[in-house]
Amino acid sequence: MKVGSQTIWPPLLLAPMAGLTHSALRTTLLHFGGVGLLSTEMLSAARLPAESVDHSPYLFRTTKESPLSHQLMLTDEKHIAPAFAALHRLGADVIDLNLGCPAPQIRRSGGGSRLMEDPARVRRLVASARQHTSLPLTAKIRLGETLDAAKLRDFCRMLEGEGVDMITVHARLRGESFARRPRWEWVANVKRWIDIPVVANGGIDSIASARTCLEQSGADGLMIGRAAARSPWIFAVLARALYAVDCTEPHICLPQLYQGFATALVERFSPERRLGRLKEFTHHFATNYFFGHQLAMGVQSSRSFAEACSRASAFFAACDPCAEDNGKWWVSDAGADCNSQIPGRGI
Ligand SMILES: Cc1cc2nc3c(=O)[nH]c(=O)nc-3n(C[C@H](O)[C@H](O)[C@H](O)COP(=O)(O)O)c2cc1C
């Protein structure tokens, strides 16, 4: 899939997810392979220029995490020039505009899905964004407030006309919860209306759901969110099954994978940044187990990273035969330093 100057292959994209799509998860995904485009979580355009790449957990990346899309939460034209200059310095491969986030605090600030209600403002923002970068510029949207084909069609055509190179459609209305079946057939409408690549998102968590989504949407690519945290090998599985990519068949040992993720957190983030991220990941990862709520609750109620790791270790020892092969594990809070991976960058 060609997006501006960037070739994305396989056309399997990691969804931006606040608290989840940081360097540790991206590295865990890369271990298995099959991801065509990685993503950051949403970054505030207003705050980005002041963030230190040496200290920001949102910006930290290793050289292996490429190609990487940086997602911007944009509310005001005045933030575009400094934010894009910062993204160029950071070596972003793709810049994505968040036009779909339904979270109340984001909407109150005028960003995310609030923007879809004001197409004239989005037109100005996108036109200005386009002038400030030659990098691939993409947009992530939901279907809107209500099912209104003409409104959605005009909005998508406007994005294309202003120079957006790809649109990802999270196939739900703004107010719809994750529990609702995604409306992949509406992605097919978007695909008919515009000529740039269209990526389908929402509810893709298996080969079967990916195939159904592709059949119903005719999308050029698929974006995967929560399933990436539950089953970080999903990209490798889909890349093999759908795109005949030569990924090694994943060997999955859940305790080992969890340990690898926790170690990556220690290597990348300062102590106060680790526990929250482990909790967020565990919330999704624990659903791999029938009694996963015990793992999730144990980690959720932990007061320190070490306590969370030791509770997880105990859970695996009791519930997962694979843990025996790997012995009793622990993660040291002391951590390694990833300056070795990127000269000049600290944590
Ligand atoms: C914890 C969490 C955080 C999210 N943060 C973002 C975000 O920062 N930007 C964004 O565009 N969407 C965000 N989303 C939405 C996802 O990108 C995606 O659209 C949604 O999860 C549906 O895809 P899925 O069914 O594959 O998870 C988030 C979703 C979750 C669960």
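Our subject is the structure listed above.
Keep in mind that this is a model prediction, so the values were computed, not measured. (Residues numbered from 1 in each chain as written. Predicted model: local features only at pLDDT ≥ 70, side-chain atom pairs only at ≥ 80, totals over all residues. Heavy atoms only, no water.)

(A) Expanded view of the state of the cysteines. According to the stated counting rule, one finds one disulfide in the structure shown. One disulfide in the model links Cys-253 with Cys-322; its S-S distance is 2.0 Å. Handedness of the Cys-253-Cys-322 disulfide follows from its S-S torsion of about -130 degrees: it is left-handed. One end of the pair, Cys-253, is in the loop between α9 (234–243) and α10 (254–268); the other, Cys-322, is in helix α14 (residues 322–325), and 69 residues separate them in sequence. Here Cys-322 falls in the buried class, since its relative accessible area comes to 16%. (Disulfide = S-S within 2.5 Å. Helix = DSSP H or I, 4+ residues; strand = E, 2+ residues; numbered from the N terminus. Buried < 20%, exposed > 50% of the residue type's maximum accessible area, 1.4 Å probe, protein only.)

(B) Geometry of the environment of Leu-99. Of note, Leu-99 is situated in the loop between β6 (94–98) and α3 (104–108). Overall, Leu-99 belongs to the buried group, its relative accessible area being 4%. Considered as a pair, Leu-99 and Gly-144 are 45 residues apart in the sequence and their alpha carbons are 9.9 Å apart. With sequence-adjacent residues up to four places away left out, Leu-99 is seen in contact with Gly-112, Ser-113, Leu-115, Met-116, Val-122, Ala-139, Lys-140, Ile-141, Phe-155 and Leu-159. (Contact = heavy atoms within 4.5 Å.)

(C) A look at the nonpolar core. By size, the foremost hydrophobic cluster in this structure holds 109 residues, and its most contacted members are Leu-72, Leu-99, Ile-141, Leu-159 and Leu-278. In terms of residue count, α10 provides more of this core than any other element does, eight residues in total. Here this core spans two domains, since at least three of its residues come from each of domain 1 (2–243) and domain 2 (254–340). In this structure Leu-159 touches Leu-99, Val-122, Val-126, Ala-139, Ile-141, Val-164 and Ile-167, once residues within four positions along its chain are discounted. (Core = buried A, V, L, I, M, F, W, Y, C linked by side-chain atoms within 4.5 Å. Domains from an automatic or database assignment.)

(D) A look at the site of the ligand. For the ligand, the set of nearby residues contains 17 residues, the closest of which are Pro-16, Asn-201, Gly-203, Gly-225 and Arg-226. At a separation of 2.8 Å, a nitrogen atom of the ligand approaches a polar backbone atom of Ala-18. Notes on the ligand: free accessible area 610 Å², of which the protein chains cover 89%. (Near = heavy atom within 4 Å. Polar contact = N/O pair within 3.5 Å; in protein donor to acceptor, adjacent residues only side chain to side chain. Areas by Shrake-Rupley, 256 points an atom, 1.4 Å probe, with all protein chains shown as cover.)

(E) Seen up close, the packing of aromatic side chains. The final tally for this structure, using the stated rule, is 11 aromatic pairs. Both rings, one in Tyr-258 and one in Phe-285, keep their centres 5.4 Å apart while their planes meet at 40 degrees; by these two values the pair is tilted. Within this pair, whereas Tyr-258 is found in helix α10, its partner Phe-285 is found in helix α11 (residues 274–285), the two being separated by 27 residues in sequence. We classify Phe-285 as buried; its relative accessible area is 0%. Among the aromatic residues, those joined into a cluster by ring pairs are Tyr-258, Phe-261, Phe-281, Phe-285, Tyr-289, Phe-315 and Phe-316. (Phe/Tyr/Trp six-rings, centres within 6.5 Å; stacked < 30°, edge-to-face > 60°.)

(F) Geometry of the pattern of salt bridges. Summed over the entire model, instances satisfying the criterion amount to 17 salt bridges. The shortest N-O distance in the salt bridge between Glu-117 and Arg-114 comes to 2.9 Å. Between Arg-311 and Glu-307 there is a salt bridge whose closest N-O contact spans 3.0 Å. Here Arg-311 and its partner Glu-307 are both found in helix α13 (residues 305–319), four residues apart, which amounts to about one turn of the helix. Judged by its relative accessible area of 32%, Arg-311 is partly exposed. Salt bridges linked by common partners bring Arg-107, Arg-114 and Glu-117 together as one network. (Salt bridge = Lys/Arg side-chain N within 4 Å of Asp/Glu carboxyl O.)

(G) Spotlight on the side chain of Arg-172. Residue position: Arg-172 is located in the loop between β8 (166–170) and α6 (184–193). Polar side-chain contacts of Arg-172 include one of 3.2 Å to the backbone oxygen of Ser-177. At 3.0 Å, the side chain of Arg-172 and the backbone oxygen of Phe-178 are in polar contact. With residues near it in sequence (within four places) discarded, Arg-172 still touches Arg-142, Leu-143, Gly-144, Ser-177, Phe-178, Arg-180, Pro-182, Gly-202, Gly-203 and Arg-226.

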